[in-house]
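Chain by chain, the residues:
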Amino acid sequence: MNINHLNGGQKLAVKYYIVAMVLFGAQILFGLLSGMQYLYPKLLFGILDFNVTRTVHINAMIVWMLYGFIGSVYWLLEEESETEVVGLKLGTLGFWVLTSAVTVVVLVFLLVQGGPGDDFTRWFINEGREYIEAPRWADIGIVVCMLIFFYNVSATFMKGKWSGISGVLTLDLVALAGIYIAGMFYTPNISMDQYWWWWVIHLWVEATWEVLVGCLMAWGLMKVLKVDRKIVTTWLYIEVALMFGSGILGLGHHYFWIGTPEYWLTIGGFFSALEPVPLVAMVVHAVYDSGVRHMKGNNNPALAWLIAHAFGNFFGAGVWGFMHTLPQINLYTHGTQWSASHGHLAFFGAYATIIIAMIYIAVPYIRGQEGIGSNLPDGGWKWKWALGLLNMGVVGMTIALLISGYEQSFIERAVGGSTWLGYFTAQIHPWFVQGMEWRMIFGVMTAAGIVLLLWDLLTIGKEPASNQKLQTKSS
Amino acid sequence: MIEPVELQDFFIVFFSGAMIIMTGALYALFFAWSRLQAKPWLMSLAYISYAALFVSVLTLAAAAHLYGFWWWLVVIMLVGYLFAPHGIWKLCVGTHSTHQGDNPPIPLSSEQTPNKIAEEKGI
């Protein structure tokens, strides 16, 4: 792949995008294995147990999304700041350090898998906290790489030009690196441990990542739909205010049942009810903009994935979240397949879609094309089928997990009173098992979607469209 | 502090919770569409959606035992969802009319729709 015509930041972004897509594939592969182990519990038992495959599945997701975000920021950095990336060599070193660390951590997860509950295990094998199981040495490495990334971004904007997007982005990166530290220290009190752990999980996902995605969306709308910069910047500020207003204390919905004081029930319930407000704002603004701009863009796959992002975020985070967010019902649903159902649609809808859109925005530049229109030599069947299979696959998994989660909350929690008997009764109930079977079927559909997506990303735009002039872009 | 949902009300809670977000979005959608196209009949659909939202919120409140302090949550949801699209629409019109490139801002009136503004600006 010839990328000599790209600027320094974009060359580094391509590296991040490649690893992101490899890890996306790994996430799906280990997701399929985990799903199979629900149906065939003896599968790879003693070799790759469910706790290992699930750990790799969810950690691969977090890390590939992080790679996608970092890649996207490097991609837009020089264009947005109108200057070369400051400390690019350090940034490249950071990429290799992070990638080496991720490789070692995954190998340790797969080959060593676990250890006794002591400091050695915590430092070198597995920290034991769901989603952020990386051992302590890797945690420190991640924070160092985030700080290098922050330096690259902030120093570049300081040397070049600041904008509304770059200001929000830079402040958000401070929180991104800082909040991760909350998940790094050890306390023997499980309530305290969970209290800080949720800072990483919730505040990363429902605050810093959302703001980062808001910045990427703002930039993406300018590129794909040629929306005026001042408009997207104004709306970015409004979005940040709405998200922080509801999202930060929405953290309370994770504090319902971990041993924190009772007032978190009220705080969590109240602010969770406010969290859909930005989504209502999004609906009004989307209708307004579609009326003004008639959705005419220069990159069809990117636009399609941006639309998928809007719907996925609305349904995954909004509808699926609110259905079980109040403590009166969350008492029965938390930690069941309900959470998995919400998690699958929300992570895919809110984050995977926007990263894929950003990669599609980058692809024509990489291939020296003007855009990706409807005049592709193959009619664009690969990206269309990938879009359909991935979205239908994830929605199907979400519905299947919803049915299993409904049964689980009903039989295990409400009827069974969260006892072991209740747990096992729920696990062998036909509704649960059939839900798992359907999840597997839709998981395979999702896997087919990612194969097509990767194939398309590797090939789209290599042959110039009939009426499209090949044009090399340097930046 | 909280009274958990009764077993027989599980589905009602899930369904009404989903309907709150869906009807809230439909209300926002029809409201914005009506203003965009200047078609008053779409506004009727918007307020029918809001009526459905109202019923969904009260259904959720009854099934999830949202009494006492929690009643305030119900009131805030109903009032908030009613006025949010109005506020966001005003922001849309305001931001777009003052930020269309270097062109001077267009004076706004209740008759102006984004399509008309766009036509005038040749977007």
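As a further point, take the overall build of chain B. Counting its regular elements, chain B contains 4 helices and 0 strands. Along chain B, from the amino end to the carboxyl end, the secondary structure elements read α-α-α-α. In chain B, which comprises 123 residues, the proportion classed as buried is 47%. Taking all contacts inside chain B whose residues are at least 6 apart in sequence as the whole, residues at least 24 apart take part in 58%. Surface accessibility of chain B: about 6100 Å² in total, with carbon and sulfur atoms responsible for 70%.

Further remarks concern the nonpolar core. Residues and elements named next belong to chain A. Counting residues in hydrophobic clusters, the biggest one holds 175 residues, and the most contacted among them are Trp64, Met65, Tyr67, Phe69, Trp75, Trp209 and Tyr360. The leading source of residues in this core is helix 7 (residues 190-225), at 20 residues. With sequence-adjacent residues up to four places away left out, Phe69 is seen in contact with Trp209, Leu212, Val213, Leu216, Tyr351, Ile354 and Ile355.

Here we come to the domain arrangement of chain A. Residues and elements named next belong to chain A. Here chain A is described as being made up of domain 1 (1-161), domain 2 (164-295) and domain 3 (297-462). The C-alpha-based centres of domain 1 and domain 2 are spaced at 21 Å. Listed as interface residues are 29 residues of domain 1 and, on the opposing side, 27 residues of domain 2. Here domain 1 packs against domain 2, burying approximately 2600 Å² in sum over the two surfaces, 74% of which is carbon and sulfur. Linking domain 1 with domain 2 are 3 salt bridges, by the criterion used here.

Tallying the contact residues gives 46 residues for chain A and 48 residues for chain B. Summed over both partners, the interface of chain A with chain B buries about 4300 Å², with 82% contributed by carbon and sulfur atoms. On the chain A side of the interface with chain B, the three residues burying the most area are Val284, Tyr288 and Gln328 of chain A, jointly 18% of the side's total. For the pair chain A and chain B, the number of links is 3 residue pairs in polar contact (both at pLDDT 80 or more). Where the side of chain A that touches chain B is concerned, the elements lending two or more residues are helix 8 (229-250), helix 9 (263-274), helix 10 (277-293), helix 11 (300-322), helix 12 (327-333) and helix 14 (381-415) of chain A. Tallying contributions element by element places helix 10 of chain A first for the side of chain A that touches chain B, with 11 residues. Split into classes, the residues belonging to the side of chain A that touches chain B amount to 30 nonpolar, 11 polar and 5 charged.

Bringing a nonpolar patch on the surface into the picture now. All names here are of chain A. Residues Phe120, Trp123, Phe124, Ile140 and Val144 make up a contiguous nonpolar surface patch of about 470 Å² in total accessible area. Listed by contribution, the elements that provide at least two residues to the nonpolar patch are helix 4 (119-124) and helix 5 (136-159). It is helix 4 that contributes the most residues to the nonpolar patch, 3 residues altogether. Turning to its location among the elements, Val144 is positioned in helix 5. Exposure remark for Val144: the relative accessible area of 43% places this residue in the partly exposed category.

Turning next to the packing of helix 14 of chain A against helix 16 (residues 430-459) of chain A. Residues and elements named next belong to chain A. Direction vectors running N to C along helix 14 and helix 16 enclose 160°, while the axes themselves pass 7 Å from each other. Considering their axes alone, helix 14 and helix 16 lie roughly antiparallel with respect to each other. The chirality of how helix 14 crosses helix 16 is left-handed. A per-class count over the contact of helix 14 with helix 16 returns 24 nonpolar, 9 polar and 4 charged.

When the charged atoms of two side chains lie near each other, side chains of opposite charge can form a pair. Residue and element names in this part refer to chain A. Taken as a whole and assessed by the stated rule, the structure comprises 10 salt bridges over all chains. Residue Lys161 pairs with Glu82 through a salt bridge whose shortest N-O separation is 3.1 Å. One end of the pair, Lys161, is in the loop between helix 5 and helix 6 (164-181); the other, Glu82, is in the loop between helix 2 (50-81) and helix 3 (88-111), and 79 residues separate them in sequence. A relative accessible area of 57% means that Glu82 is categorised as exposed. Salt bridges here are not isolated pairs; linked through shared partners, they connect Glu127, Arg129, Arg136 and Asp193.

Attention now moves to the packing of helix 1 (residues 8-39) of chain A against helix 2 of chain A. All names here are of chain A. The contact between helix 1 and helix 2 brings their axes to 7 Å, and the two run at 160°. Classified by the angle between their axes, helix 1 and helix 2 sit roughly antiparallel to one another. Handedness of the crossing formed by helix 1 with helix 2: left-handed. Among the residues forming the contact of helix 1 with helix 2, the class breakdown is 23 nonpolar, 12 polar and 2 charged.

Quick look at helix 16 of chain A now. Taking 1.5 Å per residue as the helical rise, helix 16 of chain A with its 30 residues ought to reach 44 Å, and the 44 Å between its terminal C-alpha atoms agrees with that figure. Where helix 16 of chain A ends, the next residue or the one after it, Gly461 of chain A, has phi of about 80°, a positive value.

Attention now goes to the side chain of Ser341 of chain A. Within the secondary structure, Ser341 of chain A sits in helix 13 (residues 337-367). Polar side-chain contacts of Ser341 of chain A include one of 2.8 Å to the backbone oxygen of Thr398 of chain A.

Another aspect to go through is the confidence of the model for chain A. It should be kept in mind that the predicted coordinates are not to be read in detail where pLDDT is low. Residues and elements named next belong to chain A. Residue-level pLDDT values for chain A average 90, and 96% of them are 70 or greater. Within chain A, the lowest mean pLDDT, 75, falls on helix 10, and the highest, 97, falls on helix 1. Predicted confidence is poor over residues 468-475, with pLDDT under 50, and the contacts of this stretch with residues over four places away or in other chains come to 22 contacts.

Once that is clear, we can look at the confidence of the model for chain B. Residues and elements named next belong to chain B. For chain B, mean pLDDT is 81; residues scoring 70 or higher make up 77% of the total. Per-element mean pLDDT across chain B ranges from 55 in helix 4 (residues 114-121) up to 94 in helix 2 (residues 40-63). Note on residues 101-111: pLDDT under 50 across the span, and 16 contacts to partners over four residues away in sequence or across chains. Reported confidences for the modelled complex are a pTM of 0.89 and an ipTM of 0.80.

Rules used throughout
- Residues numbered from 1 in each chain as written.
- Chains lettered and ligands numbered in written order.
- Predicted model: local features only at pLDDT ≥ 70, side-chain atom pairs only at ≥ 80, totals over all residues.
- Heavy atoms only, no water.
- Helix = DSSP H or I, 4+ residues; strand = E, 2+ residues; numbered from the N terminus.
- Buried < 20%, exposed > 50% of the residue type's maximum accessible area, 1.4 Å probe, protein only.
- Contact = heavy atoms within 4.5 Å.
- Areas by Shrake-Rupley, 256 points an atom, 1.4 Å probe, with all protein chains shown as cover.
- Core = buried A, V, L, I, M, F, W, Y, C linked by side-chain atoms within 4.5 Å.
- Domains from an automatic or database assignment.
- Buried area = accessible area lost by both parts, 1.4 Å probe.
- Salt bridge = Lys/Arg side-chain N within 4 Å of Asp/Glu carboxyl O.
- Polar contact = N/O pair within 3.5 Å; in protein donor to acceptor, adjacent residues only side chain to side chain.
- Nonpolar A, V, L, I, M, F, W, Y, C, P; charged D, E, K, R; others polar.
- Patch = residues over 30% accessible without salt bridge, like charges linked within 9 Å, V, L, I, M, F, W, Y side chains within 5 Å.
- Axes fitted to C-alpha atoms, helices over the stretch in contact; angles between N-to-C directions.
- Parallel < 35°, antiparallel > 145°, perpendicular 65-115°, else oblique.
- Left-handed = near helix turned anticlockwise from the far one by under 90°.
- Expected span 1.5 Å × (residues − 1).
- pLDDT = per-residue confidence, 0-100.

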